[in-house]
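# Coordinate inspection notes
For reference, the chains in residue letters:
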Amino acid sequence: MNTYIKDNLETVHENIKNAAAVSKRETSDIKLIAVSKTKPLEDLLEAYRCGERDFGENKVQELCDKFDKMPSDARFHMIGHLQKNKVKYLIGKTCLIHSVDSFELAQVIQKEAFKNNTSVDILIEVNVANEETKYGVSVEEAPELVKKISALPNIKIKGLMTIAPFVEEAEDNRKHFAALKQLGIDIAKQNIDNVSMDVFSMGMTGDYCVAIEAGATYVRVGTGIFGERNYKRE
Ligand SMILES: *Cc1c(COP(=O)(O)O)cnc(C)c1O
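Along each chain, residue indices are assigned from 1 in the same order as the chain's sequence is written. The model is predicted, so local features are restricted to residues of pLDDT at least 70 and side-chain atom pairs to those at 80 or more, both for listing and for counting; the totals for chains, interfaces and linings are taken over all residues. The side-chain numbers reported here are obtained from all heavy atoms of the structure, hydrogens and water having been left aside.

### A few points about helix α3 (residues 60-69)
Only protein chains enter the area calculation, which uses a 1.4 Å probe; residues under 20% of their type maximum are buried, those over 50% are exposed, and those in between are partly exposed. Elements are defined by DSSP. Helices are runs of H or I of four residues or more, strands are runs of E of two residues or more, and each kind is numbered from the N terminus. Residues of α3 that are buried: V60, L63, C64 and K66. In what follows, a contact means two residues having at least one pair of non-hydrogen atoms within 4.5 Å. Residues of α3 that are buried in the fold lie against α2 (41-49), β2 (54-57), β3 (75-78) and α4 (87-90).

Structure (structure tokens):
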């Protein structure tokens, strides 16, 4: 039997523990999100059997399909760019939308959440490095967006998310992770109703240890758990 997912998970958890120790934090403060996009259900089930409960997907249809087929205590995080016309399918199937970067998108989430008599937890996606190719609001725009969204009663802002640049040296992203953390601290100081800044979703396979040292509370690891994805770069 193939045990690479189990072995990879052991390595990732060991790395998380070490990075937490370096930064004098509790391992339990850091949540691993197993990014399972493009991977078959059996891979998710294998990770589930190893104890993982949080899965990250970037396509609405795929997230919904997997949600329907996985054990009911598996949680699904929407980590990809979200189109307004797809929000309705996600309600009730995602535990957290990491990728909210406009008031218009938030308004649609509000409308659908209200219709379903529920509330939706979200993160604000911030393009900390100002990369042209990336979604997310700028560091400068983020506080204003948080304030506007906080007025929507069926949405709860839990924190911030960023996708750092693709770099050879993880260290090069430390400044971007630190900037996201600082932004969260600054926003938290404003004590906005309906807003908490407890979640920092940052760090992927190449740089999650640095992200943890800089204050990540959620790390999103795909390749490091499930192996290379079988598709051309999006
Ligand atoms: C694919 C993806 C990841 C995981 O990337 P890996 O490098 O495979 O760990 C994390 N976050 C987001 C938003 C992604 O789309």
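### Observations concerning unusual backbone geometry
Even without glycine at this site, T38 takes up a positive phi of about 70°. Summarising the element assignment, T38 is placed in the loop between β1 (31-35) and α2. Of note, N117 is a non-glycine position whose phi angle comes to about 55°, a positive value. Counting through the fold element by element, N117 comes out in the loop between α5 (103-115) and β5 (120-125).

### Overview of the side chain of T94
Following the sequence through the fold, T94 ends up in the loop between α4 and β4 (96-100). Residue classification places T94 among the buried positions, given a relative accessible area of 17%. As used in this structure description, the phrase polar contact means that two N or O atoms lie within 3.5 Å; if the pair is within protein, one of them must be able to donate a hydrogen and the other to accept it, and residues adjacent in sequence are counted only when both atoms belong to side chains. A polar contact of 3.1 Å, which involves the side chain of T94, links it to the backbone oxygen of L96. Apart from residues lying up to four places away in sequence, T94 is in contact with F76, H77 and M78.

### Regarding the packing of aromatic side chains
The aromatic pairing rule takes the rings of Phe, Tyr and Trp, using the six-membered ring of Trp, and pairs them if the centres are within 6.5 Å, calling planes under 30 degrees apart stacked, those over 60 edge-to-face and the rest tilted. Tallied over the entire structure, the rule returns two aromatic pairs. Ring plane angle 70° and centroid distance 6.4 Å describe the contact between F67 and F76, whose orientation is recorded as edge-to-face. Feature note: the residues F55, F67 and F76 constitute an aromatic cluster, connected by ring pairs. For R53, the ring lying beneath its charged end belongs to Y48, and the centroid distance is 3.6 Å. Placement of a positive charge over a ring is assigned whenever Lys NZ or Arg CZ falls within 6 Å of the ring centre and within 35 degrees of the normal to the ring plane.

Shape is all these values report; function is a separate question.
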